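Single-letter residue listing:
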Amino acid sequence: MINDSVHTVSVVVPVFMGADTLELLASEVFKLCGVNRTQDGSRFRVTELVLVHDCGPDSSDEVIRALAIKYDFVSAVWLSRNYGQHAATLAGMAATSADWIVTLDEDGQHNPESIGNLLGQALISRSQVVYAAPVKSTAHGRIRNFTSTSAKRVAAALAKNDSPLLFSSFRLVSGEIGRSLAAYAGPSVYLDVALSWITNRVSVVHVEYREERRPNSGYSLRSLFGHFWKLALTTGTRPLRYVSVGGAVFAVAGIVLALKIIVDKFVHGIDAAGWTSVVVAVITLGGLTLIALGVIAEYIGLIVRSTFGQPTYLAIRDPKSSPVFGSGSGIDGP
């Protein structure tokens, strides 16, 4: 028997360069504000669209203000500066109130019509998190798709499980899980890794991804590498273990090489090679030492940032209504 209650859904969209895509996306989400049904017959409706302005370089802020006036279900979250997609997503989650939270990209490749598929999968499998995996990857070029898949495979190897292979910015999360996560997740934590810490009731559903509705991605090579590095570090301390194993291997190799030189010298009368081999060995071991120190330093940096209390994000009022733009909060006297 189907439960005839209506599931409420909040849609969260982190906005960096959405001036050309947000209006159409909002109109698509608006169609889901009425009562809809999932594939198993459960009822749901979107009750709010939370647009999180992440201080991008375009006029997204003006579009957000216009949409908030046009649609009652649209609300805005204004960040004090650019914090990045994951922090903006967490800020949006914290501002929701529905039973479920769906996160969408601003570029239009995630079709809001697929929300019913994600919710249906969650209800059928009793999942608290559902990721939308593309039926076939057409959203980006071959190079970016290859590097993205490779990065997830590396993260899966580091984590020793397949969870990173499921990660996607098109996800459905239980409302209480998402809002709780937003309350404690630190600035250096990869959002989906943090989700894996608090629930193992995760599933995936395959949906059609669309082409992006803008010519250029909002992500540079540097920011994409930053996402990968954060993912690798927050999967656990396994990179440190690999560093330790690598150090042990080279230490053993050094001992074996030293023994060989001694045997060659005193048994076979062969002198060791000159400075070239010594320089190569020093450079190689020095490089490996610097890499090891770099990895350790990154982990120490994570600890320091958490200790200092660096915020994941800071939400403020609409910048246009702030004193910086000449708007005071007092009332005219007589």
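Because the structure is a prediction, the values reported are computed rather than measured. (Residues numbered from 1 in each chain as written. Predicted model: local features only at pLDDT ≥ 70, side-chain atom pairs only at ≥ 80, totals over all residues. Heavy atoms only, no water.)

Thoughts on the overall build of the protein chain
Note the cut-off: Helix and strand definitions follow DSSP, with helices as H or I runs of at least four residues and strands as E runs of at least two, each counted in order from the N terminus. By definition in these notes, contact holds between two residues if any of their heavy atoms fall within 4.5 Å. Method for areas: the Shrake-Rupley scheme with a 1.4 Å probe, in which residue coverage is limited to the protein chains shown.
Secondary structure assignment for the protein chain yields eleven helices and nine strands. Look at the contacts in the protein chain between residues 6 or more apart in sequence, and 83% of them connect residues 24 or more apart. Accessible area for the protein chain stands at about 18200 Å²; split by element, carbon and sulfur atoms hold 62% of it.

Some remarks on unusual backbone geometry
Counted only if it meets this: Throughout, exposure labels follow a simple rule: accessible area from a 1.4 Å probe, protein chains only, divided by the maximum for the residue type, with under 20% read as buried, over 50% as exposed, and the rest as partly exposed.
At Cys55, a residue that is not glycine, the phi angle is positive and equals roughly 55°. Residue position: Cys55 is located in the loop between strand 3 (43-53) and helix 2 (60-70). Despite not being glycine, Arg126 shows a phi value in the positive range, around 55°. Looking at the secondary structure, you find Arg126 in the loop between helix 4 (115-125) and strand 6 (129-134). For Arg126, a relative accessible area of 57% translates into the label exposed.

Considerations on the environment of Asp192
Along the chain, the position of Asp192 falls in helix 8 (residues 191-198). Of the residues examined, Asp192 reaches a relative accessible area of 2% and is grouped as buried. Expressed as a C-alpha distance, the spacing of Asp192 and Leu166, which sit 26 residues apart in the sequence, is 9.4 Å. Not counting residues up to four positions away in its chain, the partners in contact with Asp192 are Tyr131, Phe167, Ser168 and Arg171.

Quick look at the pattern of salt bridges
Applicable threshold: By salt bridge we mean one thing: a side-chain nitrogen of Lys or Arg within 4 Å of a carboxyl oxygen of Asp or Glu.
What the rule picks out here adds up to seven salt bridges. With a closest N to O distance of 4.0 Å, Lys70 and Glu23 form a salt bridge. Pair noted here: Lys70 is in helix 2 and Glu23 is in helix 1 (residues 22-30), with a separation of 47 residues, a long-range link. Among the salt bridges present, the one from Asp192 reaches Arg171, with a minimum N-O distance of 2.9 Å. Remark: Arg171 occurs in strand 7 (residues 171-174) and Asp192 occurs in helix 8; sequence separation between them is 21 residues. Each member of the salt-bridge network shares a partner with another, and the members are Asp61, Glu62, Arg65, Asp318 and Lys320.

A word on the pairing of strand 1 (residues 6-15)
Inclusion rule: Each pair of strands is called paired provided DSSP finds at least two bridges between the two strands.
With nine of ten residues buried, strand 1 lies mostly within the body of the structure. Here strand 1 pairs with strand 5 (residues 100-103) via four bridges, running parallel. Across the sheet, Ser10 pairs through a bridge with Ile101, a residue of strand 5.

Concerning helix 4
For helix 4, the tally of buried residues reaches eight of eleven residues, placing the bulk of the element in the interior. Among all positions of helix 4, only Ile115, Gly116, Leu118, Leu119, Gly120, Gln121, Ala122 and Leu123 are buried. Of the surrounding secondary structure, the elements contacted by the buried residues of helix 4 are strand 1, strand 3, strand 5, strand 6, strand 7 and strand 8 (202-207).

A look at the nonpolar core
Where we set the bar: Residues enter a nonpolar core if they are buried and are Ala, Val, Leu, Ile, Met, Phe, Trp, Tyr or Cys, with the set joined through side-chain atoms within 4.5 Å.
The biggest cluster of nonpolar side chains holds 37 residues, and the ones touching the most others in it are Val9, Val11, Val13, Leu49 and Leu51. The dominant element in this core, judged by the number of residues it contributes, is helix 4, at five residues. Excluding residues within four positions of it along the chain, Val9 makes contact with Phe44, Arg45, Val46, Thr47, Glu48, Ala98, Trp100, Val102, Ile115 and Leu119.

Quick notes on helix 3 (residues 85-94)
Across the ten residues of helix 3, nine count as buried, placing the element largely inside the fold. Every buried residue of helix 3 is accounted for by Gln85, His86, Ala87, Ala88, Thr89, Leu90, Ala91, Gly92 and Met93.

Brief notes about the packing of aromatic side chains
Just so we agree on the cut-off: Each Phe, Tyr or Trp ring (for Trp, its six-membered ring) is paired with any other whose centre lies within 6.5 Å, and the angle between the two planes then decides the class: stacked below 30 degrees, edge-to-face above 60, tilted in between. Think of it as a cone above the ring: NZ of Lys or CZ of Arg counts as a charge over the ring if it is within 6 Å of the ring centre and within 35 degrees of the ring normal.
Applying the stated criterion across every chain, the model contains five aromatic pairs. Measuring from ring centre to ring centre gives 5.9 Å for Phe30 and Phe73, while their planes differ by 40°; the resulting arrangement is tilted. In this pair, Phe30 sits in helix 1 while Phe73 sits in the loop between helix 2 and strand 4 (74-79), placing the two residues 43 residues apart along the sequence. In this structure Phe30 comes out as partly exposed when scored by relative accessible area, which is 44%. Overall, Phe73 belongs to the buried group, its relative accessible area being 10%. Where Tyr131 meets Phe167, the ring centres are 5.8 Å apart and the plane angle is 50°; that geometry is what we call tilted. With a gap of 36 residues between them, Tyr131 in strand 6 and Phe167 in the loop between helix 6 (163-166) and strand 7 connect regions that are remote in the sequence. For the pair Tyr131 and Phe167, a shared accessibility class is recorded, and that class is buried. Pairwise contacts between aromatic rings join Phe30, Tyr71 and Phe73 into one cluster. It is Arg81 that lies over the ring of Tyr83; its NZ or CZ is 4.0 Å from the centre.

A closer look at the packing of helix 7 (residues 175-184) against helix 8
Filter applied, for reference: Note on method: axes are straight lines fitted to C-alpha atoms, helices fitted across the in-contact stretch only, with angles between N-to-C directions ranging 0 to 180 degrees. Convention used here: angles under 35 degrees read as roughly parallel, angles over 145 as roughly antiparallel, angles from 65 to 115 as roughly perpendicular, and any remaining angle as oblique. Here is the rule for handedness: rotate from the far helix to the near one, and if that takes an anticlockwise turn smaller than a right angle the crossing is left-handed, while a clockwise turn gives right-handed. Throughout, the ten residues Ala, Val, Leu, Ile, Met, Phe, Trp, Tyr, Cys and Pro are labelled nonpolar, Asp, Glu, Lys and Arg are labelled charged, and all others, Gly among them, are labelled polar.
Viewed as axis vectors pointing N to C, helix 7 and helix 8 meet at an angle of 115°, and their least axial separation amounts to 11 Å. Comparing their axes, helix 8 and helix 7 come out roughly perpendicular. Seen along the crossing, helix 7 lies across helix 8 with a hand that is right-handed. Counted together, Ile177, Leu181 and Tyr184 of helix 7 and Leu191, Ala194, Leu195, Trp197 and Ile198 of helix 8 form the full contact between these two elements. Its residues placed into classes, the contact of helix 7 with helix 8 shows eight nonpolar, no polar and no charged.

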